[in-house]
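Understanding the architecture of this molecule
Spelled out, the chains give:
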Amino acid sequence: QIVPLWIAPNLLTFSGFVMILVNYFLISFYDWDYTASGTSPGLVPTWVWLFSAFTTFCAYALDSIDGKHARRTQSSSPLGELFDHGLDSWATSIFVLSFFSVCSRDNGKTGVSVYTMYIYLSIVLFNFMCSHWEKYNTGVLFLPWGYDLSQVVLITAYLLTGLVGVEVWQKPLLFGYYITDVLVILLIGFSLLLSFPQTLYNIHRAHLKKTLKNGSLYEGLLPLVSPLLLFVLLTVWVVLSPGNILAKQPRLFLWMVGVTFSNVICKVIVCQMSSTRPELLHWFLFPLALVVYAAISGLLSWAEEAVLAAFTALVTAAHVHYGICVGRQLSEHFNIYIFSLKKRIQE
């Protein structure tokens, strides 16, 4: 109720996304290789952790009220829905990548391995994908309480790190397990025992009620093809890379994972909203397959890191371009501005 009525809901959504983006790049500046909290504690200033808690809370709050503000200003639209969920698909990975700097990578005593980071990120993105795959089939977006819990955990972790220090993550919590171990176990348990079964149950219930939006099994499973192939290609690169690319460039590689996933899911969200069929193979898969083949066959040799950087720049630019183009098209189609409540002037 304290938000002025002249502010567009999309401005709230975008402001929250920009805050977590600024926070991510700030942490990256102090901790590019995820070692600042492990082998070199103290490299990240205390104020950065407190700033992380503040930006995470603000982004969470703004993401929670943008829809309410849209209804309050009578400005709800498909553009706002896509804007919200599209940015969420990217923010999901950024939240996780920022958190990794808290626990740091494995240094032989504490921290988590870069492979655990990859698995952790993949599980989080898998949960996000399941929510929108469910909506594609049922027409209802069921958000489990795990999202709210994850935000509270993130804010608490940043506050704890800022007030106590990174040493809190380097001491066993229970039975020799560290806090990071407990969080990974909880995440896997939540995904496999609660989130994914709930998605399957909701789809099954819609099938019994004959309210499924897609009549055939092929149509229902189609949105999963590109995300699963994406995961397979990325995992092959991680496992078979001659230069151990994930260990050498964990931040760059994981950022690329988040961006490619976001673009694939954004297209699924568009298809779900417009009741159209998603493409079988996303175009990102073709250049990625070539890069992975060149990497694991040894053709890239010493240039593997450079090619990763180039591919990451390509997909990031393509994703931003896609978002701008779709936003402009919807803006023109619905005769509304993205960041203003004023109506566009009809030509």
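Residues numbered from 1 in each chain as written. Predicted model: local features only at pLDDT ≥ 70, side-chain atom pairs only at ≥ 80, totals over all residues. Heavy atoms only, no water.

- The name recorded for the chain in an unreviewed UniProt entry is Ethanolaminephosphotransferase 1, from Asarcornis scutulata.
- The record in UniProt for the chain states the following under Subcellular location (unreviewed entry): "Endoplasmic reticulum membrane".
- UniProt's Sequence similarities (unreviewed entry) comment on the chain is quoted here verbatim: "Belongs to the CDP-alcohol phosphatidyltransferase class-I family." (UniProt positions renumbered as here; feature names shortened; annotations may be inferred.)

1. Observations concerning the overall build of the chain
- Looking only at helices and strands, the chain has eleven helices and zero strands in total.
- Counting from the amino terminus, the chain carries its helices and strands in the arrangement α-α-α-α-α-α-α-α-α-α-α.
- The C-alpha radius of gyration of the chain comes to 21 Å, within 12% of the 20 Å expected for a compact globule of 347 residues.
- C-alpha extents for the chain along the principal axes are approximately 60 × 50 × 45 Å.
- Counting every position in the chain, which comprises 347 residues, the buried fraction comes to 51%.
- Nonlocal contacts in the chain, meaning residues at least 24 apart in sequence, comprise 79% of its contacts between residues at least 6 apart.
- Split by element, the accessible area of the chain, about 17,300 Å² in all, is 69% carbon and sulfur.
- On the chain, the mean spot of the 19 positive side-chain charges and the mean spot of the 18 negative ones are 8 Å from each other. (Helix = DSSP H or I, 4+ residues; strand = E, 2+ residues; numbered from the N terminus. Rg over C-alpha atoms; globule rule 2.2 N^0.38 Å. Buried < 20%, exposed > 50% of the residue type's maximum accessible area, 1.4 Å probe, protein only. Contact = heavy atoms within 4.5 Å. Areas by Shrake-Rupley, 256 points an atom, 1.4 Å probe, with all protein chains shown as cover. Lys, Arg positive; Asp, Glu negative; His and termini not counted. Charge placed at Lys NZ, Arg CZ, Asp CG, Glu CD.)

2. Considerations on the pattern of salt bridges
- If you walk through the whole model with that rule in mind, you get three salt bridges.
- Residue Lys135 is joined to Glu81 by a salt bridge in which the shortest nitrogen-to-oxygen separation is 2.5 Å. Of the two residues, Lys135 is situated in helix α4 (residues 114-138) and Glu81 in helix α3 (residues 78-103); the sequence distance between them amounts to 54 residues.
- For Glu81, a relative accessible area of 26% puts it in the partly exposed group.
- A salt bridge links Lys267 to Glu279; the nearest nitrogen and oxygen atoms lie 3.7 Å apart. (Salt bridge = Lys/Arg side-chain N within 4 Å of Asp/Glu carboxyl O.)

3. Observations regarding the packing of helix α1 (residues 9-30) against helix α2 (residues 46-72)
- Remark: α1 packs on α2, axes separated minimally by 8 Å, with the N-to-C direction vectors making an angle of 160 degrees. On the basis of their axis angle, the class for α1 and α2 is roughly antiparallel. Relative to α2, α1 is oriented so that their crossing is left-handed.
- Across the contact of α1 with α2, the residue classes tally to 18 nonpolar, seven polar and one charged. (Axes fitted to C-alpha atoms, helices over the stretch in contact; angles between N-to-C directions. Parallel < 35°, antiparallel > 145°, perpendicular 65-115°, else oblique. Left-handed = near helix turned anticlockwise from the far one by under 90°. Nonpolar A, V, L, I, M, F, W, Y, C, P; charged D, E, K, R; others polar.)

4. Overview of unusual backbone geometry
- We note that Gln74 has phi near 55 degrees; this positive angle belongs to a residue other than glycine.
- Position of Gln74 relative to the elements: it lies in the loop between α2 and α3.
- With relative accessibility at 76%, the residue Gln74 sits in the exposed group.
- Even without being glycine, Asn335 reaches a positive phi, approximately 60 degrees.
- Mapped onto the elements, Asn335 comes out in the segment after α11 (304-333).
- By relative accessible area, Asn335 is classed as buried at 17%.

5. What about the environment of Ile296?
- Mapped onto the elements, Ile296 comes out in helix α10 (residues 285-296).
- Residues Ile296 and Tyr218, 78 residues apart in the sequence, show an inter-C-alpha distance of 32 Å.

6. Looking at a nonpolar patch on the surface
- There is a patch of nonpolar side chains on the surface, built from Tyr218, Leu229, Leu280, Leu281, Trp283, Phe286 and Leu314 and spanning about 670 Å² of accessible area.
- Mapping Phe286 onto the fold places it in helix α10.
- Note on Phe286: relative accessible area 51%, which makes it exposed. (Patch = residues over 30% accessible without salt bridge, like charges linked within 9 Å, V, L, I, M, F, W, Y side chains within 5 Å.)

7. Concerning the nonpolar core
- In terms of nonpolar packing, the biggest core is built from 84 residues, with Phe99, Phe100, Trp237 and Phe253 touching the most fellow members.
- When residues no more than four places from it in sequence are discounted, the contact partners of Phe253 are Tyr118, Leu234, Trp237, Val238, Ile245, Leu246 and Leu308. (Core = buried A, V, L, I, M, F, W, Y, C linked by side-chain atoms within 4.5 Å.)

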